[in-house]
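Inside the fold
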Amino acid sequence: MPQTPYVLTGVDVRRAADPESSRFKIIDSFKAPAIKHKTIDHTQGGGIGSVKYVLPVLEAFEPSFETFGPDLDALSSVGLVAGQTDTWVFSGAYLVRGKAKPVANRIIVTGTVAEIDEGTHSGAGSDKQKTSHAIHGVTHYERHIEGVEKIYWDVDEPAFRVNGVDVFADYRAALGI
C-alpha cells in the first residue's frame, strides 16, 4: 500500500519550560536535526575497494530555526553557561488526506542555543531580516507523529529507539551495560 503524503502546513518553536514562548508569529522555518550514524572507511589489505561501515553511534544532533527579525527570548539565553540547557519543542501541523483534523508533529530536544546569526540588515524595509538560531550540545531528542513515538535518543540512558524498539540494546548487552 502506498504511503500517504504528510503535507506540512504550519510550524512553531518554543521552550518547553515556558509554553507561552511560542514563536508562531515570527517563525520562518525550523530544521529538524539529521539522524545520522557515524561511519568509518575501511580498505582491507590487498583490497580493491573500500567499505563505509555504519557504527552503532549517532552523529551530534544539530537542530536550528529561523525567525523574522530578532528573537528576544533566544537572545537572552544564547550561549548559556556550560552545562546549562533548555528543552525546545519544535511543532508542526500536517495535512493528511482522509483525516478530519491536522496531524501533530513534535520534535523535542534538550540543548543550548549556541549560535545566533542575524544576517544582513537592509534599510527602508527592503528585505526581511531573518535570524538563524543553531542549537548545539543536544543531549536528548525525541520525535512524535500523531502522539506516537517514532524516534527517541538520550545520551545518559543510552538508548536509541525507533518505533519503540531500542536498536542499540544488543550492543549494550555485548558490553555488559
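Our subject is the structure that appears above.
It should be emphasised that the depicted structure is a prediction, and the values quoted were computed from it without experimental measurement.

What counts, and where the lines are drawn
Residues numbered from 1 in each chain as written. Predicted model: local features only at pLDDT ≥ 70, side-chain atom pairs only at ≥ 80, totals over all residues. Heavy atoms only, no water. Helix = DSSP H or I, 4+ residues; strand = E, 2+ residues; numbered from the N terminus. Buried < 20%, exposed > 50% of the residue type's maximum accessible area, 1.4 Å probe, protein only. Contact = heavy atoms within 4.5 Å. Core = buried A, V, L, I, M, F, W, Y, C linked by side-chain atoms within 4.5 Å. Patch = residues over 30% accessible without salt bridge, like charges linked within 9 Å, V, L, I, M, F, W, Y side chains within 5 Å. Areas by Shrake-Rupley, 256 points an atom, 1.4 Å probe, with all protein chains shown as cover. Salt bridge = Lys/Arg side-chain N within 4 Å of Asp/Glu carboxyl O. 1 Å grid on protein atoms, 1.4 Å probe; cavity = no way out; pocket = protein on both sides within 12 Å on 5 of 7 lines; lining within 4 Å. Points joined across faces, edges and corners; volume = space filled by probe spheres on them. Nonpolar A, V, L, I, M, F, W, Y, C, P; charged D, E, K, R; others polar. Pairing = 2+ DSSP bridges. Phe/Tyr/Trp six-rings, centres within 6.5 Å; stacked < 30°, edge-to-face > 60°. Lys NZ or Arg CZ within 6 Å of the ring centre and 35° of its normal.

Once that is clear, we can look at the overall build of the protein. Within the protein, the regular secondary structure consists of two helices and 11 strands. Moving toward the C terminus, one meets the helices and strands of the protein in the order β-β-β-β-β-α-β-β-β-β-β-β-α. Projecting the C-alpha coordinates of the protein onto the three principal axes gives extents of approximately 65 × 45 × 35 Å. Within the protein, the proportion of its 177 residues that are buried is 31%. Counting contacts in the protein only where the partners sit at least 6 residues apart, residues at least 24 apart contribute 56% of the total.

Here the focus is the nonpolar core. Grouped together as the largest cluster of nonpolar side chains are 18 residues, with contacts concentrated most on Phe-65, Trp-88, Phe-90, Val-109 and Ile-135. For this core, the secondary structure elements donating two or more residues are strand E2 (27-31), strand E6 (86-96), strand E7 (103-117), strand E8 (130-145) and strand E9 (148-154). Contact partners of Phe-90, with chain neighbours within four places excluded, come to Asp-12, Val-13, Phe-30, Pro-63, Ser-64, Phe-65, Asn-105, Arg-106, Ile-107, Val-109 and Ile-135.

This part takes up a nonpolar patch on the surface. On the surface, Ile-40, Val-51, Tyr-53, Leu-55 and Val-57 cluster together into a nonpolar patch covering about 400 Å² of accessible area. Residue contributions to the nonpolar patch peak at four residues, all from strand E4 (residues 50-58). When you line up the elements, Val-57 lands in strand E4.

The calculated volume of the largest pocket comes to roughly 270 Å³. Together, 13 residues line the largest pocket, and Pro-56, Val-57, Leu-58, Pro-158 and Phe-168 are the ones closest to its centre. Looking at the lining of the largest pocket, the elements that each hand over two or more residues are E4, E9 and helix H2 (169-175). Grouping the amino acids of the lining of the largest pocket by side-chain chemistry returns 11 nonpolar, no polar and two charged.

Two strands pair when backbone bridges link them, and strand E3 (residues 37-43) and E4 are joined in this way by six bridges, in the antiparallel orientation. Counterpart to Ile-40 in the pairing with E4 is Tyr-53. Here E3 folds back onto E4 in antiparallel fashion, the turn holding six residues, of which Gly-46 has a positive phi close to 80°.

We now examine the pattern of salt bridges. Summed over the entire model, instances satisfying the criterion amount to nine salt bridges. Residue Arg-15 is joined to Asp-73 by a salt bridge in which the shortest nitrogen-to-oxygen separation is 2.9 Å. Taken together, the residues span a long stretch of sequence, with Arg-15 in strand E1 (residues 6-15) and Asp-73 in helix H1 (residues 72-75) at a distance of 58 residues. Residue classification places Arg-15 among the buried residues on the basis of a relative accessible area of 16%. A salt bridge links Glu-149 to Arg-161; its shortest N-O distance comes to 2.9 Å. Taken together, the positions of Glu-149 in strand E9 and Arg-161 in strand E10 (residues 159-162) put the pair 12 residues apart, joining distant regions of the chain.

The next thing to look at is unusual backbone geometry. Residues other than glycine seldom take positive phi values, yet Glu-146 does so here, at roughly 55°. As for its placement among the helices and strands, Glu-146 is situated in the loop between E8 and E9. At Asn-163, a residue that is not glycine, the phi angle is positive and equals roughly 55°. Note that Asn-163 resides in the loop between E10 and strand E11 (165-166).

Tallied over the full model, the rule gives eight aromatic pairs. For the pair Phe-61 and Trp-153, a centre-to-centre distance of 5.0 Å together with 45° between the ring planes defines the contact as tilted. Taken together, the residues span a long stretch of sequence, with Phe-61 in the loop between E4 and strand E5 (64-68) and Trp-153 in strand E9 at a distance of 92 residues. Each ring, one from Phe-168 and one from Tyr-171, has its centre 6.1 Å from the other, and the planes form 85°; the classification is edge-to-face. Residue Phe-168 is classed as buried on the basis of its relative accessible area, which comes to 13%. By the ring-pair criterion, three or more aromatic residues cluster together here, those being Phe-30, Phe-65, Trp-88 and Phe-90. Above the face of the Tyr-152 ring, Arg-161 is positioned so that its terminal group lies 3.9 Å from the ring centre.

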